[in-house]
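Chain by chain, the residues:
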There are 2 protein chains.
Amino acid sequence: MTPTIHDVARRADCSIKTVSRVINAQPHVRPALRERVEAAIAATGYAPNLNAQRLVKKRTGALCVLTSTSEYYLAPDVLASAIDLARSSDYDLLLHIDNDQPSSRKQLASLIAGRRLDGLIITPPCDTNPFLTELLNHHPLPHVFIDPFNRDNASPYVATDDLVGARDLTTHLLDIGHRRIAFLKGNPNLRASVDRLTGYTQALAQRGIPFDPKLAANAMGTFEGGYNAVRLYLSGGTRPTAFFCVNDHAALGVLFALQEMNVRVPRDISVCGFGNHPLGARVFPGLTTVHQPVQEMITAALRLLLSILGGGQPASPTLLPSALVLRGSSGSAPGA
Amino acid sequence: MTPTIHDVARRADCSIKTVSRVINAQPHVRPALRERVEAAIAATGYAPNLNAQRLVKKRTGALCVLTSTSEYYLAPDVLASAIDLARSSDYDLLLHIDNDQPSSRKQLASLIAGRRLDGLIITPPCDTNPFLTELLNHHPLPHVFIDPFNRDNASPYVATDDLVGARDLTTHLLDIGHRRIAFLKGNPNLRASVDRLTGYTQALAQRGIPFDPKLAANAMGTFEGGYNAVRLYLSGGTRPTAFFCVNDHAALGVLFALQEMNVRVPRDISVCGFGNHPLGARVFPGLTTVHQPVQEMITAALRLLLSILGGGQPASPTLLPSALVLRGSSGSAPGA
DNA sequence: TTATCTTATGACAACGTTGTCAAAATTGTT
DNA sequence: AACAATTTTGACAACGTTGTCATAAGATAA
């Protein structure tokens, strides 16, 4: 039988309450007794029963990261630090993949309406899922957004400065002689997509280069989208000298298509992505991109959530900086 | 205040036990009363308190996938089906990234010795982590291995038939004319690494081609390992006509190095990986590889674990088939 | 020493479920 | 109609903690 607090108390010849005090590092236990209890804990191999604690403390002890399969690269190593952080605050970190399918909805409802969570971290594009909004309306739950579409929202959030990142990268391309830079747009329901496009146009405007709508095509932010966009572009008349893609997935599609068509990158055409997905460092040539601190965003969001749960004040939104990552896929414009 | 079973009972004018019966779909409730209770549940928005249930049922309600950051591609979409499956059996699926660092160890100990889990799924190379073994020795916990190093182990496991996969791919390379096929080895503590090498040598043997130890170099199963191995090989005398890498990570490193050195793939040298990591479909040329059904392995392992927890018999080990995935990175041997 | 204040300790009732078992209600049998 | 057999229902004690509050034990002051 696994030992309970009673076994420890009996062994240390004291009350269960005293053991409880020792476990929870509470004051009002004399050193001698404290030691006796600690010895008893060690001897019995006692560990407090989580469910009993949670029951009386009225906490579920679970937080959840709500994510869609598509947008972020949430591989375990990215999550590791968040899992770590959560556990050190005595929370389990769950993961829910919200694909808006019936089964996913049902489970989401069971999580939220079933009061199985203490808090929620919502990554895009889940923040624009009306089913979720509805659910949260009826069943209030502390939550934090990552990169939400609507920043005027009352809920706290963490985001990257996509606009500046995109502007900087575009400016860099202009600096190395590019004048015809195509922008491959993404999902317009994502804050990041919109901001990146804005950053692109702002950079052009700063150099007095008119925005040419023909240079802004839709790639849906997917590999296939990027791939198809290139096929379309290169069959047309004037080529761009660079493709700036709303994210790395699209950029990899572009790269693939160009290499397939024997277009030399970056000699003939430069390719840039956004996000600094690990894949970008594995393809040849390495993908020039903008680093988006996904891991930092998640841990920042979790920290925010924990501070809310801890009764802290509703911390102010955080904007994390992005940073250029220059690799082989970009270079001077042909003839520049 | 969130409603409890008492609120429902009061409203339905019956005992809490009856409500409990209805919740748990147990017999011995007359239809009329059952309906009244259901109405009361709907009216109050009642959902049972998980911790109370788990406390009395003596379950933690948590399973954990133990993974190392390196070996498998456990992105959320791969985990999605397992998370789904777990939740439909009323378990939370946790994730622990075991990097054998002090902090990771501490948390692993807290999970296992603290009896915070009902079961464990262990992915390689965690199965060879002595700290874990020790921990499980002292604190027995139902667990299932994925691709364990030692298959004679008493614990049930799920694995892929790496040997056959590697043999098939090697045979394919032989079929299209390759004779000097380099094999880039991986972590010798991984069952998969060993089996893949064996598959390679078996295929050679079947065709009467002697195994040349010079053609078997160590790439550690990493991108950098593959990259460095190529640099080493190509500076030497006779080139291989194909590189068969223990996994896709190494293969991507090989591909990168070759492209950097202007070696044409597959015209000059073919490159193959193992695992069918999503990256392999995103690079140009697409990576020829062997599909390893990671998602199926995880769900199979979970199903096994659930059946054990459900008191089923210790189901027999499962070997899932692998399958060739031929893409652009492999082709006929030069001059063949 | 005695009165007073502070600090330690423990009894006992929560927390919200499910399991056990006895009692009540219903059904079937003669 | 009376009795037995069955089904339905509920009272109450678990489960293993923490919080409340009363009391016991020390420390301090006179």
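Our structure's up above, just so we're on the same page.
**Section: the overall build of chain A**
Piece 1. The number of helices and strands found in chain A is 12 helices and 12 strands.
Piece 2. Here the C-alpha atoms of chain A give a radius of gyration of 26 Å, more than 25% beyond the 20 Å that 2.2 N^0.38 yields for 336 residues.
Piece 3. Counting only C-alpha atoms and orienting by the principal axes, one finds that chain A spans roughly 90 × 40 × 35 Å.
Piece 4. Within chain A, the proportion of its 336 residues that are buried is 53%.
Piece 5. Taking as baseline every contact in chain A between residues at least 6 positions apart, the subset at least 24 positions apart corresponds to 72%.
Piece 6. Just so you have it, chain A exposes about 14,500 Å², and 54% of that area is on carbon and sulfur atoms.
Piece 7. Side chains of chain A carry 32 positive and 27 negative charges; the gap between the two charge centres is 3 Å.

**Description of the protein's contact with DNA strand D**
Piece 1. Contacts to DNA strand D come from 28 residues, most closely from Ile-5 and Ser-20 of chain A together with Thr-18, Arg-21 and Arg-30 of chain B.
Piece 2. The sugar-phosphate backbone supplies 67% of the atoms of DNA strand D found within 4 Å of the protein.
Piece 3. In this structure, a base oxygen belonging to DNA strand D sits 2.8 Å away from a side-chain N or O atom of Arg-21 of chain B.
Piece 4. Within the contact set of DNA strand D, a phosphate oxygen lies 2.8 Å away from a backbone nitrogen or oxygen of Arg-30 of chain B.
Piece 5. Looking at the surface near DNA strand D, the elements that each hand over two or more residues are α1 (5–12), α2 (16–23) and α4 (50–57) of chain A together with α2 (16–23) and α4 (50–57) of chain B.
Piece 6. Broken down by element, the surface near DNA strand D gets its largest block of residues, 4 residues, from α4 of chain A.
Piece 7. Here the residues of the surface near DNA strand D are counted per class, giving 13 nonpolar, 10 polar and 5 charged.

**Some words on the pairing of strand β2 (residues 92–97) of chain B**
Note on strand geometry: in a regular strand, side chains alternate between the two faces of the sheet.
Residues and elements named next belong to chain B.
Piece 1. Where burial is concerned, most of β2 is hidden: 6 out of the 6 residues are buried.
Piece 2. Covered by surrounding structure in β2 are Asp-92, Leu-94 and His-96 together with Leu-93, Leu-95 and Ile-97, the residues of both alternating faces.
Piece 3. Pairing geometry for strand β1 (residues 62–67) and β2, over 6 bridges, is parallel. Its bridge partner lying in β2, Thr-67 is registered against Ile-97.
Piece 4. For the crossover that starts at β1, traverses helix α5 (residues 76–88) and ends in the parallel β2, the hand is right-handed.

**Focus on the packing of helix α10 (residues 223–235) of chain B against helix α11 (residues 248–260) of chain B**
All names here are of chain B.
Piece 1. Following both chains from N to C, one finds α10 and α11 inclined at 45 degrees, their axes separated by 6 Å at the closest point. Of the possible angle classes, the one that applies to α10 and α11 is oblique. Where α10 crosses over α11, the handedness of that crossing is right-handed. When α10 is examined against α11, the residues Phe-223, Gly-226, Tyr-227, Val-230, Arg-231 and Leu-234 are found in contact with a partner set consisting of His-249, Ala-250, Leu-252, Gly-253, Val-254, Phe-256, Ala-257, Leu-258 and Glu-260.

**Things to note about the protein's contact with DNA strand C**
Piece 1. Taken together, 29 residues lie around DNA strand C, and Thr-18, Arg-21 and Arg-30 of chain A together with Ile-5 and Ser-20 of chain B are the ones closest in.
Piece 2. A share of 69% is what sugar and phosphate atoms reach among the atoms of DNA strand C within 4 Å of the protein.
Piece 3. Mapped onto the surface near DNA strand C, the elements with two or more residues apiece are α2 and α4 of chain A together with α1 (5–12), α2 and α4 of chain B.
Piece 4. When residues of the surface near DNA strand C are assigned to their parent elements, the largest contribution, 4 residues, is made by α4 of chain B.

**Thoughts on the interface of chain A and chain B**
It is common to report an interface's size as the accessible area lost on association of the parts.
Piece 1. Contacts between the two partners involve 50 residues from chain A and, on the opposite side, 50 residues from chain B.
Piece 2. Buried surface at the junction of chain A and chain B, summed over both partners, amounts to about 4,400 Å²; 59% is from carbon and sulfur atoms.
Piece 3. Looking only at chain A, the three residues that lose the most surface to chain B are Arg-87, Arg-282 and Phe-284 of chain A, adding up to 17% of its buried area.
Piece 4. One can count 4 salt bridges joining chain A with chain B.
Piece 5. As a salt-bridge pair, Asp-90 of chain B and Arg-116 of chain A come within 2.6 Å of each other at their nearest N and O atoms.
Piece 6. Our enumeration of links across chain A and chain B arrives at 10 residue pairs in polar contact (both at pLDDT 80 or more).
Piece 7. Counting only elements with at least two residues in the side of chain A that touches chain B, the list comes to α4, α5 (76–88), β2 (92–97), α6 (102–113), α10 (223–235) and α11 (248–260) of chain A.
Piece 8. At 7 residues, α5 of chain A tops the list of elements feeding residues into the side of chain A that touches chain B.
Piece 9. Taken together, the residues of the side of chain A that touches chain B break down into 25 nonpolar, 12 polar and 13 charged.

**Some words on the relation of the copies chain A and chain B**
Piece 1. Mapping chain A onto chain B calls for a rotation angle of 180 degrees and an axial translation of 0.1 Å; the resulting RMSD is 0.2 Å. Within this description, the copies of the chain are treated as partners about a two-fold rotation axis.
Piece 2. A symmetric contact is evident, with 100% of the interface residues of chain A recurring at the interface of chain B.

**Some thoughts on unusual backbone geometry**
Residue and element names in this part refer to chain A.
Piece 1. Across the junction of Pro-124 and Pro-125, the peptide omega takes the value 0 degrees, indicating a cis bond.
Piece 2. For Pro-125, the location among the structural elements is in the loop between β3 (119–122) and α7 (130–138).
Piece 3. Backbone geometry places Lys-58, a non-glycine residue, at a positive phi of 55 degrees.
Piece 4. Considering the arrangement of structural elements, one finds Lys-58 in the loop between α4 and β1 (62–67).
Piece 5. A residue is classified by how much of its surface remains accessible, and Lys-58, at 67% relative accessible area, is exposed.

Thresholds, definitions, all that
- Residues numbered from 1 in each chain as written.
- Chains lettered and ligands numbered in written order.
- Predicted model: local features only at pLDDT ≥ 70, side-chain atom pairs only at ≥ 80, totals over all residues.
- Heavy atoms only, no water.
- Helix = DSSP H or I, 4+ residues; strand = E, 2+ residues; numbered from the N terminus.
- Rg over C-alpha atoms; globule rule 2.2 N^0.38 Å.
- Buried < 20%, exposed > 50% of the residue type's maximum accessible area, 1.4 Å probe, protein only.
- Contact = heavy atoms within 4.5 Å.
- Areas by Shrake-Rupley, 256 points an atom, 1.4 Å probe, with all protein chains shown as cover.
- Lys, Arg positive; Asp, Glu negative; His and termini not counted.
- Charge placed at Lys NZ, Arg CZ, Asp CG, Glu CD.
- Near = heavy atom within 4 Å.
- Polar contact = N/O pair within 3.5 Å; in protein donor to acceptor, adjacent residues only side chain to side chain.
- Nonpolar A, V, L, I, M, F, W, Y, C, P; charged D, E, K, R; others polar.
- Pairing = 2+ DSSP bridges.
- Right-handed = clockwise from strand over helix to strand, strands pointing away.
- Axes fitted to C-alpha atoms, helices over the stretch in contact; angles between N-to-C directions.
- Parallel < 35°, antiparallel > 145°, perpendicular 65-115°, else oblique.
- Left-handed = near helix turned anticlockwise from the far one by under 90°.
- Buried area = accessible area lost by both parts, 1.4 Å probe.
- Salt bridge = Lys/Arg side-chain N within 4 Å of Asp/Glu carboxyl O.
- Least-squares fit on C-alpha atoms with pLDDT ≥ 70 in both.

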